[in-house]
Amino acid sequence: MEVLTAIVVAIHIISAAAIVGGWLAHFKNPTVTVSQWYGTWGILATGLLLAGLAEMGDGPVNHAKIGVKLVIGLSVFVTALLGRRKENKGEPVSTGLAHATGGMALINILVAVLWQDFS
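Heads up: these notes are all about the structure in this document. (Residues numbered from 1 in each chain as written. Predicted model: local features only at pLDDT ≥ 70, side-chain atom pairs only at ≥ 80, totals over all residues. Heavy atoms only, no water.)

Within the protein chain one finds 4 helices and 0 strands. N-terminal to C-terminal, the α/β element order of the protein chain is α-α-α-α. Taking all 119 residues of the protein chain together, 34% fall into the buried category. Taking contacts inside the protein chain between residues at least 6 apart in sequence as the whole, the part at least 24 apart equals 76%. About 7,200 Å² of surface is accessible on the protein chain, with carbon and sulfur atoms providing 71% of the total. (Helix = DSSP H or I, 4+ residues; strand = E, 2+ residues; numbered from the N terminus. Buried < 20%, exposed > 50% of the residue type's maximum accessible area, 1.4 Å probe, protein only. Contact = heavy atoms within 4.5 Å. Areas by Shrake-Rupley, 256 points an atom, 1.4 Å probe, with all protein chains shown as cover.)

The biggest cluster of nonpolar side chains holds 8 residues, and these are V32, W37, L44, F77, A80, V93, L97 and A98. Contributions of two or more residues to this core are made by α2 (34-56), α3 (63-89) and α4 (95-114). If you look at the next biggest cluster of nonpolar residues, it comprises 7 residues, including A16, V20, W23 and A105. (Core = buried A, V, L, I, M, F, W, Y, C linked by side-chain atoms within 4.5 Å.)

What the rule picks out here adds up to 4 aromatic pairs. Note on W37 and W41: the rings are 5.8 Å apart at their centroids and 85 degrees apart in plane angle, and the pair reads as edge-to-face. With W37 and W41 both in helix α2 and 4 residues apart, the pair spans about one turn of that helix. Under the relative-accessibility criterion, W41 is labelled partly exposed at 46%. (Phe/Tyr/Trp six-rings, centres within 6.5 Å; stacked < 30°, edge-to-face > 60°.)

For S15, the position within the fold is in helix α1 (residues 2-25). Non-local contacts of S15, meaning those with residues more than four positions away in its chain, are made with G39, G42 and I43.

With that settled, the discussion passes to the packing of α1 against α4. Contact pair α1 / α4: the axes reach a minimum separation of 9 Å and the direction vectors enclose 135 degrees. In terms of orientation, α1 lies oblique with respect to α4. For the pair α1 and α4, the sense of crossing is left-handed. Contacts between α1 and α4 pair A16, I19, V20 and W23 from the former with A98, H99, T101, G102, G103, A105, L106 and I109 from the latter. The residue inventory of the contact of α1 with α4, partitioned by class, reads 8 nonpolar, 4 polar and no charged. (Axes fitted to C-alpha atoms, helices over the stretch in contact; angles between N-to-C directions. Parallel < 35°, antiparallel > 145°, perpendicular 65-115°, else oblique. Left-handed = near helix turned anticlockwise from the far one by under 90°. Nonpolar A, V, L, I, M, F, W, Y, C, P; charged D, E, K, R; others polar.)

Encoded structure:
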């Protein structure tokens, strides 16, 4: 079970890197890239899987943290979806939409790292 969790965590981190990395790479000319779009799918799927694996474990689970991260993750997904739809139609992606995708992913990473349970 530990190997599965480690693999899922690795995919989760790579997905987050795809979102934030794509955002930083196109910071001057903001858009929502394909790698960001796939990263949002990866981060949502692995995040839900990690929450399920945590629930199956023996230790306590911080449901508030999981809920906050899920809401932020869904907002990243929605902004990436809207950005990719505009990009596929040939329309320009607004600066706010592109920066919301990367910025909210960065906030989600910060929540994961900084919200620690010191029981």
